[in-house]
Amino acid sequence: MRVLPCADLGLLVELDDLDAVRALHAALAANLPPGVTDLVPAARTLLLRLDPRTANPAEIEQFVRATRPVAVGEQNSELVRIPVVYDGEDLDDVAKLTGLTRQEVIIEHTETEWRVAFGGFAPGFGYLTGDSTKLEVPRRKESRTKVPVGAVALAGAFTGVYPRESPGGWQLIGRTDLPMWQVDRDPPALLRPGVRVRFEEVR
Amino acid sequence: MKNGMQVLETGPLSTVQDLGRPGHAGIGVGLSGAADRGSLRLANRLVGNDEGAACVEVTFGGFAARAVTDLVVAVTGATCPVTVDGRCGAMNSLLRVPAGAVLRLGLPATGLRSYVAVRGGVIVEPVLGSRSTDLLAGLGPEPLSTGSDLPVGLPHGDLPPIDFAPVACQPVEELRLTVVPGPRQDWFAPDALTALLSQPYTVLSESNRIGIRLDGPVLTRSREEELPSEGTVAGALQVPPSSRPTLFLADHPVTGGYPVIAVVVAEDVDKAAQARPGMTLRFTARERVAE
């Protein structure tokens, strides 16, 4: 574990992998040290945002180092089923990049159980990881200026669903009508860290 | 609207802001809130509000609103001419705006963002516990426009015993900001931090509530691989492929994939939020307190 400073505004905790991030996130979320206003999990880091008027970064760092990570239960979290029409513009490219057929890409995507690792990019956007490595693809060389709302996409080890129309560089494989973000829903985001996800093909 | 004011003019950008929406980073929602948090708190204290009550953040003056009921207001932040029905009022002080009167903010002489607090607080509909407009995430109320209603809540508690707050003058040409190196200074060539701390940077006009774009010496990376996206804070000096830093402000992205060479300390982030295009920024390092 490395703890890196972000002035008096944050502490960036660098960890070995996503599982370690999840485990520390779970432990700290259950017992938030005073002065910490927010936790921002990411692929290999957990950022603690601090209230600069009350936080003591040195004490919080000690607290973090003394915290026992919590093993995150793999089975008992909420499951969200997302219906997808697999007609994305990049489906052929993804097939080429992975050495699979279009149908095999769809099967791999629907048979994998995904889990929301962390959020970011836009409200309601979740970075989903699964056990399969067959669908790992790079981002597109050129980002699109407009990715439509509901686009289901792949990049790196992740899959995700664009919660609204936005620019984006991920490989588009399909689309869903299920709203990812509704501000008047509680909680507004369908995909929150820890939620399990199954994609289901619809035609 | 029983109590409040109606917007007549907005200038380049006027938004409702409070101290933002902490606690939602996991679903991709950033803090947002006033770009200059200290000025928003001061405005609220002057009119006897909770210091996190919602105010109007006026970017580069040009705001006018008509009181629907008798109001007590205070204007802080960027120093601008303030009038109530044409009569001059002072910055950083209590002003009474009778029903029907027009409060007007002119062009600021120094600074960029002024804050208008109204006793009782602006009570537009909150989103995820905050009334702030987050321009990057597209959350919260729309930016204000002519005809927007600004409903105001009922005051609670007494007015404070002072009705004027002394405030340091804002610099005109050059702003010094204190930074702490890191979290990713080790992703840069050794001379990058030296350049950041010794050379001036100019504020570009593409700056906004998301961040201040800077022109100046390039900050060369020593590691070329992709940085996995990680959480960021306001005040972060993130270095994109252009090699010139962007200083993140209130509506910055929750996570970023470019390394942050240094972070501006919290009280100086408020000062940075008052920097106008063309101004010079100079960065000074404060080492982390040894443990």
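Everything discussed here concerns the structure shown above.
Residues numbered from 1 in each chain as written. Chains lettered and ligands numbered in written order. Predicted model: local features only at pLDDT ≥ 70, side-chain atom pairs only at ≥ 80, totals over all residues. Heavy atoms only, no water.

Trainee: Which parts of the structure should I look at to understand the pattern of salt bridges?
Mentor: Any two side chains of opposite charge can pair, given that their charged atoms come close. Tallied over the entire structure, the rule returns 28 salt bridges over all chains. Put simply, Asp38 of chain A and Arg49 of chain A hold a salt bridge, and the shortest N to O gap is 3.6 Å. In this pair, Asp38 of chain A is assigned in strand β3 (residues 36–41) and Arg49 of chain A in strand β4 (residues 45–50), connecting sequence segments eleven residues apart. When its relative accessible area of 5% is taken as the criterion, Asp38 of chain A is described as buried. Between Asp251 of chain B and Arg209 of chain B there is a salt bridge; the shortest N-O distance is 2.8 Å. Of this pair, Asp251 of chain B sits in the loop between β17 (246–248) and β18 (255–256) while Arg209 of chain B sits in the loop between β13 (201–203) and β14 (211–215), and the two are 42 residues apart along the sequence. Both residues of the pair, Asp251 of chain B and Arg209 of chain B, count as buried. (Salt bridge = Lys/Arg side-chain N within 4 Å of Asp/Glu carboxyl O. Helix = DSSP H or I, 4+ residues; strand = E, 2+ residues; numbered from the N terminus. Buried < 20%, exposed > 50% of the residue type's maximum accessible area, 1.4 Å probe, protein only.)

Trainee: Mind showing me how you'd approach the sheet that holds strand β10 (residues 110–118) of chain B here?
Mentor: Residue and element names in this part refer to chain B. Here five strands make up an open sheet; going across it, the order is β2-β3-β10-β5-β8 and the pairing antiparallel. Taken across any chain shown, the strands that pair with only one partner, and hence form the sheet edges, are β2 (13–17) and β8 (95–97). Averaged over all pairs of adjacent strands, the angle between their axes in this sheet comes to 30°, without regard to strand direction. Here β2 pairs with strand β3 (residues 55–59) via five bridges, running antiparallel. Bridge pairing in β3 links Ser14 to Val58. Here helix α1 (residues 37–46) sits on the sheet in contact with β2, β3, β5 (71–79) and β10, set at roughly 155° to β5. (Pairing = 2+ DSSP bridges. Axes fitted to C-alpha atoms, helices over the stretch in contact; angles between N-to-C directions. Contact = heavy atoms within 4.5 Å.)

Trainee: Help me out: how do you make sense of helix α1 (residues 18–30) of chain A in this one?
Mentor: An α-helical turn contains 3.6 residues, so a residue and the one three or four places further along point in the same direction. Residue and element names in this part refer to chain A. Taking 1.5 Å per residue, 13 residues should reach 18 Å; α1 reaches 18 Å between its end C-alpha atoms and fits that length. Elements that come into contact with the buried residues of α1 comprise β2 (10–14), β3, β4, α2 (57–66), β6 (114–120) and β7 (122–129). Where α1 begins, the side chain of Asp17 points an oxygen toward the backbone nitrogen of Asp19, at a separation of 3.3 Å. (Expected span 1.5 Å × (residues − 1). Polar contact = N/O pair within 3.5 Å; in protein donor to acceptor, adjacent residues only side chain to side chain.)

Trainee: Sorry, what's going on with the environment of Glu108 of chain A here?
Mentor: All names here are of chain A. With respect to the helices, strands and loops of the structure, Glu108 is situated in helix α4 (residues 102–111). By relative accessible area, which is 16% here, Glu108 ends up buried. Distance from Glu108 to Thr133, taken between C-alpha atoms, is 9.7 Å for residues 25 residues apart in sequence. Beyond its immediate sequence surroundings of up to four residues, Glu108 is in contact with Ser132, Lys134 and Leu135. Here Ser132 takes part through its side chain, which lies 2.5 Å from a polar atom of the side chain of Glu108.

Trainee: Help me understand unusual backbone geometry in this model?
Mentor: With glycine set apart, most residues show a phi of negative sign, and most peptide bonds adopt trans. In this chain, Asp186 of chain A is followed by Pro187 of chain A through a cis amide linkage whose omega measures -5°. Relative to the helices and strands, Pro187 of chain A resides in the loop between β12 (171–175) and β13 (196–201). Cis geometry is found at the peptide bond from Gly182 of chain B to Pro183 of chain B, where omega equals 10°. For Pro183 of chain B, the position within the fold is in the loop between β12 (174–181) and α2 (190–198). Its identity as a non-glycine residue notwithstanding, Ser32 of chain B has a phi of 55°, on the positive side. Overall, Ser32 of chain B belongs to the buried group, its relative accessible area being 2%. The phi dihedral of Asn92 of chain B falls on the positive side, at around 55°, and the residue is not glycine.

In short, the description is geometric, and any link to function would need to be established separately.
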